[in-house]
Amino acid sequence: QQPIRSARPSPATPADLSMLFLLSLPLAFVAFPSFSNGFASCSGTYRYPAPTSTGTACLSSPSHYMLCTSTALRAKTQYTIDDDVCAPTDPAELRKVVQKHCRTLDTFVRNRPIAAHTKEAFQSAKEMLESEGEPASSRKFIIDSGCGTGRSTLLLGKKYPDHTVIGVDRSFVRLNRNSLDNEVEDSDTSRRPFQSLSTNVLLVRAELTDWWRCCLDEGWNIEQHYILYPNPYPKKNRLKKRFYAHPSFPLILAIGGNTINVRSNWEGYLREFADSIVYASEYYDAEDPSANIAKPYIKAALQGPLERTDKSVAWTNFEKKYDDAGETTYEIVLEYCVT
């Protein structure tokens, strides 16, 4: 009886390889709708894996999403933050953190008095805005939170001349570089609680959480809220420093706006920002559905972040730095939608 020998495959011939390449082409074009500089580029609307109350994902095309967002398919720079740099937060942990902050917001606010310099800045800005005889609450506001040098605030002021655009940052140093081209010298004038840069643009030195509370207390009409390239704190032990896992996160939902626009070069940050809206909505639905301040943003949150493709204008200094380096940037536009 002859011993059984394992069959060895014969080497692939050039003809075999050519046929394999041709057969793979349709799959490649389905998986990667467009190509740019040799890397796959996602430019369409898609759903990303969003949490639901049962913990399952909401997907319209999971394979397309996973292929498009694979970090292996994107050019990396020295600024890139991905899952290798900071692993995604465990969904159960993030849900626990967000819902705790929703539950304890009143305690957080009660135990944290508004900083004196923020209160002074808000009052000064309010008096200036009302000097023409109309209450500030009748204006349409755009808030640029964490505006840095104010580059984005100035651009927003030009884009929306019928709105009052207020850039808020805690740093005098950054605010004093409040021109697209020039720095403003340090002086008594530049260190005022606020600076009026044009007829509809103000820069304010204030603590963000306290400024949001002042806006709520005064009933200001915040039509748009921009949070552009916030500090991502890409370490797991600094999760609660990120806006969406911070005790003040419910305030972002409370001041609302027709749109909340968040940008980052870390796609995972924006995914978790969107997840946090879903978790907050779950909490409010269980407590009092009529007071669910997260629900109007659920539809947009489930769409997830998209790659920023229009790079004709860099809205912030960070955005310009990323664009110059070829770094991929993302945005999530949370539109207010009552269904």
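Residues numbered from 1 in each chain as written. Predicted model: local features only at pLDDT ≥ 70, side-chain atom pairs only at ≥ 80, totals over all residues. Heavy atoms only, no water.

Caption draft 1: Structural detail: the overall build of the protein. Of regular secondary structure, the protein possesses 12 helices and 10 strands. Relative to its full complement of 339 residues, the protein shows a buried share of 47%. Residue pairs in contact within the protein that sit at least 24 positions apart in sequence constitute 74% of those at least 6 positions apart. If you sum the accessible surface of the protein, you get close to 18,000 Å²; carbon and sulfur atoms cover 52% of it. (Helix = DSSP H or I, 4+ residues; strand = E, 2+ residues; numbered from the N terminus. Buried < 20%, exposed > 50% of the residue type's maximum accessible area, 1.4 Å probe, protein only. Contact = heavy atoms within 4.5 Å. Areas by Shrake-Rupley, 256 points an atom, 1.4 Å probe, with all protein chains shown as cover.)

Caption draft 2: Focus on the nonpolar core. Residues I166, W211, W220, F249, F273, I277 and L334 are the most contacted members of the largest nonpolar core, which totals 60 residues. Contact partners of L334, with chain neighbours within four places excluded, come to N258, T259, I260, F273, I277, Y297, A300 and A301. Core analysis: the second largest hydrophobic core is formed by 12 residues, I142, L154, V165 and W315 among them. (Core = buried A, V, L, I, M, F, W, Y, C linked by side-chain atoms within 4.5 Å.)

Caption draft 3: Structural view of the pairing of strand 10 (residues 330-335). Covered by surrounding structure in strand 10 are Y330, I332 and L334 only, the residues E331, V333 and E335 on the alternate face being uncovered. Inspection of the sheet shows strand 8 (residues 259-264) paired to strand 10 by 6 bridges, in the antiparallel sense. Residue pairing in the sheet places N261 in a bridge with V333 of strand 10. In terms of strand pairing, strand 9 (residues 306-307) meets strand 10 through 2 bridges, oriented antiparallel. If you follow L306 over to strand 10, its bridge partner there is E331. (Pairing = 2+ DSSP bridges.)

Caption draft 4: How the structure looks around the pattern of salt bridges. All told, the structure shown has 15 salt bridges when counted by the stated rule. The shortest N-O distance in the salt bridge between D210 and R112 comes to 3.5 Å. Of this pair, D210 sits in helix 8 (residues 208-218) while R112 sits in the loop between helix 4 (105-110) and helix 5 (116-129), and the two are 98 residues apart along the sequence. Two residues, E319 and R263, come together in a salt bridge whose shortest N-O distance is 2.9 Å. Pair noted here: E319 is in helix 12 (residues 317-325) and R263 is in strand 8, with a separation of 56 residues, a long-range link. Salt bridges sharing common partners tie together R263, R308, E319, D323 and E331. (Salt bridge = Lys/Arg side-chain N within 4 Å of Asp/Glu carboxyl O.)

Caption draft 5: Examining helix 12 more closely. Along helix 12, the positions that sit buried rather than exposed are E319, Y322 and D323. Along the axis of helix 12, the buried residues cluster in a sector spanning 100°; they form a single face. The secondary structure elements touched by the buried residues of helix 12 are strand 8. Remark: G326 follows helix 12 within two positions and exhibits a positive phi of approximately 80°. (Arc of directions from axis to C-beta.)

Caption draft 6: Up close: the confidence of the model for the protein. Averaged over every residue, the pLDDT of the protein is 80; residues scoring 70 or more account for 71%. The low-confidence segment residues 1-8 (pLDDT under 50) makes 0 contacts with residues lying over four places distant or belonging to another chain. Taken together, the stretch residues 25-71 has pLDDT below 50 and engages in 75 contacts with residues farther than four places along the chain or on a different chain. (pLDDT = per-residue confidence, 0-100.)

Caption draft 7: How the structure looks around the side chain of T89. Structurally, the position occupied by T89 is in the loop between helix 2 (62-69) and helix 3 (91-103). According to the relative accessible area criterion, T89 is buried, its value standing at 11%.

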